[in-house]
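Descriptive structure summary
Chain by chain, the residues:
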Amino acid sequence: MKIVEAVKILKSGDLVAMPTETVYGLAADARNPLALAKIFKAKQRPEDHPLIVHIADISMMKDWARDISPQALLLAKTFWPGPLTLILKKAASVSDLVTGGQDTIGLRIPNHPVTRELLHVFGGGLAAPSANRFGRISPTTAEAVKAELGDAVDLILDGGQCAVGVESTIVDVSGDDIAVLRPGMISVQEIENVIQQSVLLRKKNSPRVSGSHEKHYSPVTLTRLVKMDDVLRDVVGPVAIVGFADDGVNVELPSRKVVMSRDVREYAHELYKVLRELDGGGFREILIEEVPEGSEWDAVRDRIGRACVK
Ligand code: TXA
Ligand code: MG
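Please read all numbers here as calculations on a predicted model, not as lab measurements.

For the protein chain, the count of helices and strands is 11 helices and 15 strands. Computed over C-alpha atoms, the radius of gyration of the protein chain comes to 19 Å, within 12% of the 19 Å expected from 2.2 N^0.38 for 310 residues, which places it in the range of a compact globule. Long-range pairs, those at least 24 residues apart, make up 66% of the contacts in the protein chain with a sequence separation of at least 6. Surface exposure of the protein chain reaches about 13,200 Å², of which carbon and sulfur atoms provide 52%. For the protein chain, the distance from the average site of its 38 positive side-chain charges to the average site of its 42 negative ones is 4 Å.

Printed below as a string of structure tokens:
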């Protein structure tokens, strides 16, 4: 049984890639400093970047966090298991390697049957950043994890393609103001509806939030955000276009167009998989057409924006 093998590997301080509903994570025992160090090495990630700790159950929050507000608990009860990370004041026992030396910790209960079982059998917290090298596109399939990390990971649990496809919404509930640090498919509106108070969208947040580095989630191929008129005017092939079916843009081989859904959930589900595939396709550029306005597209717009920063 893969889960038993995975738990054995984790208990001995090694790394397991695990599927979540958002993206694949590179997991280590969050109580084992040597195991945590392996995450930073495998990802080539700076050590002051805090990690999210994944837990099995709401009752475990108190093992990792203190001063949990009623709003924090309400968000946990409403959205967990699910694509939401809560930033809380950390418990005294939590290693600086997990928090990047900060006084706060990110917690989440992911919603994927394989990883829920893994967490239950493991019994503790699993620190897990996205299973990509630092700054690159998060993997949404087991094949993508293999391509990113190869032998740096001891076991990859294959849970199929991630259902959500972009990283969790990060909400800071550690202070008086409640703020979204990284937009995700759980929107600001949904969060406000639950806690009945307004939530800040902290655009220029601390660089300690690794997703807040301007360039992030990037293909290697030059990637630009364009309006569809520009696409028709500027194209010098071979280019890859990520657009919509009804936008009037069509290109000929060796250029290629990938048609995306106008349903934001379907778009998010496919985005990283498409970018990863196009990145390996030998195109001169990847051109991503602007997505619709509206806050439900915030997470997708955020990730596309970062993919285009060079
Ligand atoms: O959907 C997700 O959140 C995925 C899956 C695997 O759970 N994980 C993920 O992890 O995206 P990572 O490390 O790639 O991004 C986590 C983000 C980083 O930007 C990190 O800086 C931020 O969470 N973070 C973690 N702890 C924090 C803290 N105490 N304060 C502020 N930001 C924190
Ligand atoms: Mg990441």
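To continue, consider the packing of aromatic side chains. Each pair of aromatic rings is reported with the distance of its centres and the angle of its planes. Evaluation of the coordinates by the stated rule reveals three aromatic pairs. Relative to Y267, the ring of F244 lies with its centre 5.9 Å away and its plane at 40 degrees, an arrangement referred to as tilted. Placement of the pair is F244 in strand β13 (residues 239-244) and Y267 in helix α10 (residues 264-279), with a sequence separation of 23 residues. The pair formed by F244 and Y267 is uniform in burial state, with each residue classed as buried. Aromatic side chains Y267 and W297 sit 5.3 Å apart centroid to centroid with 75 degrees between the ring planes, which places their arrangement in the edge-to-face category. Here Y267, found in helix α10, pairs with W297, found in the loop between β15 (285-289) and α11 (298-307); they are 30 residues apart in sequence, far enough to count as distant. Taken together, F244, Y267 and W297 form an aromatic cluster joined through their ring pairs. Here the guanidinium or amino end of K11 rests over the ring plane of F122, the centre of that ring lying 4.4 Å away.

P81 follows W80 through a cis peptide bond whose omega is -5 degrees. Here P81 lies in the loop between α4 (70-79) and β5 (84-90). With an omega of 5 degrees, the peptide bond between L253 and P254 qualifies as cis. Looking at the secondary structure, you find P254 in the loop between β13 and β14 (256-260). If you check the backbone angles, D67 has positive phi at about 50 degrees while not being a glycine. If you trace the backbone, D67 turns up in the loop between β4 (65-66) and α4. Residue D67 is classed as exposed on the basis of its relative accessible area of 57%. A positive phi angle, near 55 degrees, is found at Q196, a position not held by glycine. Looking at the element boundaries, Q196 is found in the loop between α8 (188-195) and β11 (200-201).

Right, let's get into the pairing of β15. Burial of β15 is extensive: five of the five residues sit out of reach of the surface. Of the two faces of β15, the one holding E285, L287 and E289 and the one holding I286 and I288 are both buried throughout. Pairing of strand β12 (residues 223-226) with β15 involves four bridges; the strand directions are parallel. In the sheet register, R224 faces β15, and the bridge partner there is L287. Here four bridges tie β13 to β15, and the two strands are oriented parallel to one another. Within the sheet, the bridge partner assigned to A240 lies in β15 and is I286.

Each strand in a sheet pairs with another by means of backbone hydrogen bonds, the pair being arranged parallel or else antiparallel. Pairing in this open sheet of four strands is parallel, and the strands run β12-β15-β13-β14 from one edge to the other. Strands with a single pairing partner mark the edges of an open sheet, and in this sheet they are β12 and β14. Ignoring strand direction, the axes of neighbouring strands in this sheet form an average angle of 20 degrees.

So, about the environment of G159. Among the secondary structure elements, G159 is positioned in the loop between β8 (155-156) and β9 (169-172). G159 sits 47 residues away from H112 along the chain, and the two C-alpha atoms are 8.0 Å apart. For G159, the contacting residues outside a window of four places in its chain are P19, Y24 and H112.

Moving on to the side chain of S255. Inspection of the secondary structure puts S255 in the loop between β13 and β14. Only 2.9 Å separates the side chain of S255 from the backbone nitrogen of V239, close enough to count as a polar contact.

Basis of the calculations
Residues numbered from 1 in each chain as written. Chains lettered and ligands numbered in written order. Predicted model: local features only at pLDDT ≥ 70, side-chain atom pairs only at ≥ 80, totals over all residues. Heavy atoms only, no water. Helix = DSSP H or I, 4+ residues; strand = E, 2+ residues; numbered from the N terminus. Rg over C-alpha atoms; globule rule 2.2 N^0.38 Å. Contact = heavy atoms within 4.5 Å. Areas by Shrake-Rupley, 256 points an atom, 1.4 Å probe, with all protein chains shown as cover. Lys, Arg positive; Asp, Glu negative; His and termini not counted. Charge placed at Lys NZ, Arg CZ, Asp CG, Glu CD. Phe/Tyr/Trp six-rings, centres within 6.5 Å; stacked < 30°, edge-to-face > 60°. Buried < 20%, exposed > 50% of the residue type's maximum accessible area, 1.4 Å probe, protein only. Lys NZ or Arg CZ within 6 Å of the ring centre and 35° of its normal. Pairing = 2+ DSSP bridges. Axes fitted to C-alpha atoms, helices over the stretch in contact; angles between N-to-C directions. Polar contact = N/O pair within 3.5 Å; in protein donor to acceptor, adjacent residues only side chain to side chain.

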